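Each chain, written out:
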Amino acid sequence: MSMPLRVLIVEDSDDDELMIVRTLQSNGYDVTYTRVETAVEMDAALDLNIWDLVLCDYCLPDFDGLEALKIMQNKGIDLPFIIVSGAINEEIAVSAMKAGASDFVTKSRLMRLVPAIRRELKEAENRRARLKSELALQKTQEQLRFVLETNFMGTWEWNITTNEITCSSSCEYLFDITSGTGSNLDIFIDRIHPQDRDAMLEALKTAQKLHQTYQHEYRVIWQDGSIHWIQAIGDFYQPTDAKDNLSSKNYNRMLGIVIDVTKQKLAEQKIYEQAALLDVATNAILLRHLNGIVTYWNKGAERLYGWTAEEVIGKNAYNILYGDYLPPETALESVIKYGEWQGELNKVTKDEQDIIVDSHWTLIRGEDNQPKYILTVDTDITAKKQLESRFMRTQRLENIGILAGGIAHDLNNILTPILAVAQLLPLTLPNLNTRNQDMLHILEASAKRGADLVKQILCFARGNDEKRLILQVKHLLLDIEQIIQGTFPKSIEINKHIHDDLWTISADSTQLHQVFMNLAINARDAMPEGGTLTITAENQVIDTNYTKMNIDAHEGNYILITFQDTGIGIRKDIIDKIFDPFFTTKEVGKGTGLGLSTVFNIIKNHNGFIEVDSSSKGSTFKIFIPASTQTNTKIKEDTTITNGNGELILFVDDEIAISEVSKTTLETHKYQVLVANNGIEAIAIFVQNKLTIKAVIIDLMMPSLDGVTTIRALQKIMPNIKIIAMSGSNDSEEKTKAIECGVQEFVPKPFTANILLNTLHHVLN
């Protein structure tokens with residue numbers, strides 16, 4: 001395999017150039033080269049800095065080999081420089097070698113060229129390695145000297161046998177000893193603070209006895225009375241001039257350093273003094289090393305986390321405070337990089353309670369300006385985060401409610417003609433056989449079931465208080481108890497505690513029945529092996545303090561209904577999602593995910609709120625419903641149908657199916673009907689027939705021109721026109737706008753023939 005070789009050839013002869021290159025190639029080199037003839041060309045070629053060596057003719061037209069060598073040397077380039085000349089005498093050759101040429105070879109004996117190149121390339125490689133080592137050693141020595149000088153370090157050597165000390169001038173300076181007089185250990189001991197002297201001597205004695213490293217901190221008193229902290233480190237060693245057993249230690253000699261740590265000690269002392277004042281703070285304040293070892297723990301930390309200072313100091317904060325949570329590595333990196341960090345962290349108390357804290361970290365540097373401690377201030381924000389979580393959950397469900405309202409509008413438009421046709425066909429086809437009549441009943445029942453399902457979906461968006469009555473919760477709960485006693489497994493025990501003097505509430509009994517059954521069924525499913533379901537009902541007064549802890553609560557009187565089971569409970573990672581529509585932990589086909597979301601929206605629409613807890617065994621659902629002081633007034637529904645007298649009705653709806661079936665229904669009951677499929681068409685028809693049209697039935701949600709705008713246009717044409725508004729979304733805002741426009745009635749979709757005909761009769765009369 002060819003060896004690559006990059007050569008700069010300084011030569012004026014083409015033939016000699018080829019001869020040199022062929023010689024190299026024939027000896028296994030893959031040659032890359034450039035030939036130059038002048039000093040200028042050589043100077044430019046050397047700037048490329050790509051060559052392995054230079055082969056130079058001695059005699060050139062413009063300059064000679066020595067001048068070429070000088071050009072390379074002036075650039076500070078260290079390359080093998082071999083003179084290859086046709087004629088060179090011994091005197092010139094010697095001069096060239098003295099000037100720095102690596103070797104010389106005559107062109108008549110080129111067989112010497114390859115060995116010379118190999119030798120010089122190897123020598124150049126060795127020179128570069130030596131230079132690199134020398135530079136590294138020089139750098140290390142400079143760094144060591146810099147470290148010793150800038151960090152107030154001194155070196156010392158102690159001959160234990162003679163008690164003599166050999167030390168650096170900086171060592172004498174740190175002990176405030178006159179330079180050149182510190183030759184005995186006792187001189188240094190005299191400078192040590194009397195309160196620290198015995199401990200220092202004991203540490204030194206222990207190191208001698210156990211043949212181990214000596215390390216100790218103590219105070220030194222200078223002649224001016226100032227006190228300085230010294231850290232001394234030493235170990236046994238074998239002097240370099242020892243003749244025998246160089247690999248073993250000599251336990252009669254110790255070599256070490258002393259470091260001035262006064263600034264560090266004063267900084268630590270200041271931190272502890274300041275931290276002592278923080279014991280009265282409500283926040284948790286702790287000081288720890290970068291590796292997590294706690295050195296300070298205030299009373300606020302004891303109150304928040306439950307650990308005393310004696311239990312924590314000297315231990316790793318990450319092991320104590322984070323439990324199963326991962327330590328915040330990014331926070332540690334950030335505080336080291338930027339000096340501080342602030343954010344929210346999940347931590348664990350001594351009694352294994354999960355809490356959330358707003359944590360502020362501040363980096364504290366040592367006297368060498370290197371990161372040493374982290375001062376942490378933690379504020380408990382668990383209650384605040386719970387409030388935020390409830391608020392976000394409420395917002396999320398409101399958004400889903402808006403979406404549900406839109407879906408309900410489309411479904412109502414589909415169900416309206418189905419329901420109307422199912423009711424209309426028996427009237428138009430009185431001779432149907434029994435089977436067909438049964439099929440029509442099934443069609444009507446299915447349409448009504450679909451309408452009921454739409455109403456359930458609409459519970460996500462808004463409430464419907466038209467059926468709300470003054471109720472006593474006690475009776476509903478007794479009904480629930482009867483149902484579950486007869487249907488639940490005998491392994492589930494039912495306990496109830498219902499106070500006799502409960503306040504009444506204004507509510508829809510059907511919806512509350514649905515709420516209580518959903519909670520009872522969920523409790524049953526959570527206790528497959530059996531357990532206890534406890535149902536309680538009591539009066540509850542919510543005050544200002546309580547509202548601060550629950551964003552959904554308002555001051556006033558409430559009825560509190562509690563469903564508590566001893567089942568499997570709810571995992572903390574999903575407890576915030578249980579009220580989301582279609583969220584379920586049950587197997588496919590065993591749950592729709594609408595149960596708890598329906599519960600949430602029904603209670604919300606009753607101006608109440610729900611609290612859930614699963615921190616101990618089982619789950620507890622607390623339902624708060626505002627108490628009412630009103631009396632019960634029940635309005636009976638009119639079930640009779642009154643026919644028309646040939647009145648002309650304008651029916652406006654963009655759903656053709658609804659328009660057609662409604663037209664047929666009205667015509668069957670003696671009305672005349674004009675149909676418009678949008679607002680613009682309705683205005684045009686009304687202008688042509690305004691003197692004969694007796695009433696307008698109009699959908700509020702239509703493309704191009706909506707119902708409210710169309711109503712206003714019709715009223716400008718005829719101010720006293722009678723109008724019935726209808727909508728599939730049942731949006732209370734739309735209903736309010738329609739009433740403000742002066743409509744006489746509002747009909748929600750899907751509607752029955754009875755509702756449509758009776759409403760129209762009421763408006764006309």
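All of these numbers come straight from a predicted model, not from anything done at the bench. (Residues numbered from 1 in each chain as written. Predicted model: local features only at pLDDT ≥ 70, side-chain atom pairs only at ≥ 80, totals over all residues. Heavy atoms only, no water.)

Can you explain the packing of helix α2 (residues 39-46) against helix α3 (residues 65-74)? Please cite residues and give values.
Two measures define how a pair of helices packs: the angle their axes make with one another and the distance between the axes. Their axes nearest at 10 Å, the elements α2 and α3 cross at an angle of 30°. As far as their axial angle goes, α3 and α2 are roughly parallel. In this structure, the crossing between α2 and α3 has a hand that is right-handed. Every residue of α3 that contacts α2 at A39, M42, D43 and L46 is listed here: A68, I71 and M72. When grouped by side-chain class, the residues that make up the contact of α2 with α3 number 6 nonpolar, no polar and 1 charged. (Axes fitted to C-alpha atoms, helices over the stretch in contact; angles between N-to-C directions. Helix = DSSP H or I, 4+ residues; strand = E, 2+ residues; numbered from the N terminus. Parallel < 35°, antiparallel > 145°, perpendicular 65-115°, else oblique. Left-handed = near helix turned anticlockwise from the far one by under 90°. Contact = heavy atoms within 4.5 Å. Nonpolar A, V, L, I, M, F, W, Y, C, P; charged D, E, K, R; others polar.)

Residue-level account of the confidence of the model for the protein, with values.
Per-residue pLDDT for the protein has a mean of 83; in total, 86% of the residues score no lower than 70. Confidence scores differ between elements of the protein, with helix α18 (residues 544-549) showing the lowest mean pLDDT of 69 and strand β23 (residues 648-652) the highest of 95. Contacts from residues 588-593, a stretch scored under 50 in pLDDT, to residues over four places away or in other chains number 8 contacts. Note that pLDDT drops below 50 for residues 631-638; the model gives that stretch 6 contacts with residues more than four away or on any other chain. (pLDDT = per-residue confidence, 0-100.)

Give me the layout of surface pockets: which residues, what numbers.
If a probe the size of a water molecule is rolled over the atoms, the empty space left behind becomes visible. The volume enclosed by the second largest pocket comes to roughly 1100 Å³. As for the second largest pocket, its lining consists of 29 residues, of which D354, Q386, K572, I575 and D613 are closest to the centre. Residue contributions to the lining of the second largest pocket peak at 8 residues, all from helix α14 (residues 382-428). For the lining of the second largest pocket, a count of residues per class yields 9 nonpolar, 8 polar and 12 charged. (1 Å grid on protein atoms, 1.4 Å probe; cavity = no way out; pocket = protein on both sides within 12 Å on 5 of 7 lines; lining within 4 Å. Points joined across faces, edges and corners; volume = space filled by probe spheres on them.)

Go over the nonpolar core with me, naming the residues and quoting the values.
With 41 residues, the main nonpolar core has L477, F516, L533, I561 and F563 as its most contacted residues. Those elements giving two or more residues to this core turn out to be α16 (473-487), β17 (492-498), β18 (505-507), α17 (509-525), β19 (531-542), β20 (556-565), α19 (595-605) and β22 (620-626). Setting aside residues up to four positions removed in sequence, L477 forms contacts with I498, F516, I535, A537, I561 and F563. (Core = buried A, V, L, I, M, F, W, Y, C linked by side-chain atoms within 4.5 Å. Buried < 20%, exposed > 50% of the residue type's maximum accessible area, 1.4 Å probe, protein only.)

Break down the sheet that holds strand β6 (residues 153-159) for me, with residues and values.
An order of β7-β6-β10-β9-β8 is seen for the 5 strands of this open sheet, with the pairing classed as antiparallel. In this open sheet, the two strands that pair with only one neighbour each are β7 (164-167) and β8 (214-221). Between one strand and the next, the sheet's axes are offset by a mean angle of 25°, whatever the strand orientation. As judged from the 4 bridges shared by β6 and β7, these two strands associate in the antiparallel manner. By the bridge assignment, N159 is partnered in β7 with E164. The strands touched by helix α8 (residues 194-210) within the sheet are β6, β8, β9 (227-236) and β10 (253-260), with β8 carrying the most contacts at an inclination of about 160°. (Pairing = 2+ DSSP bridges.)

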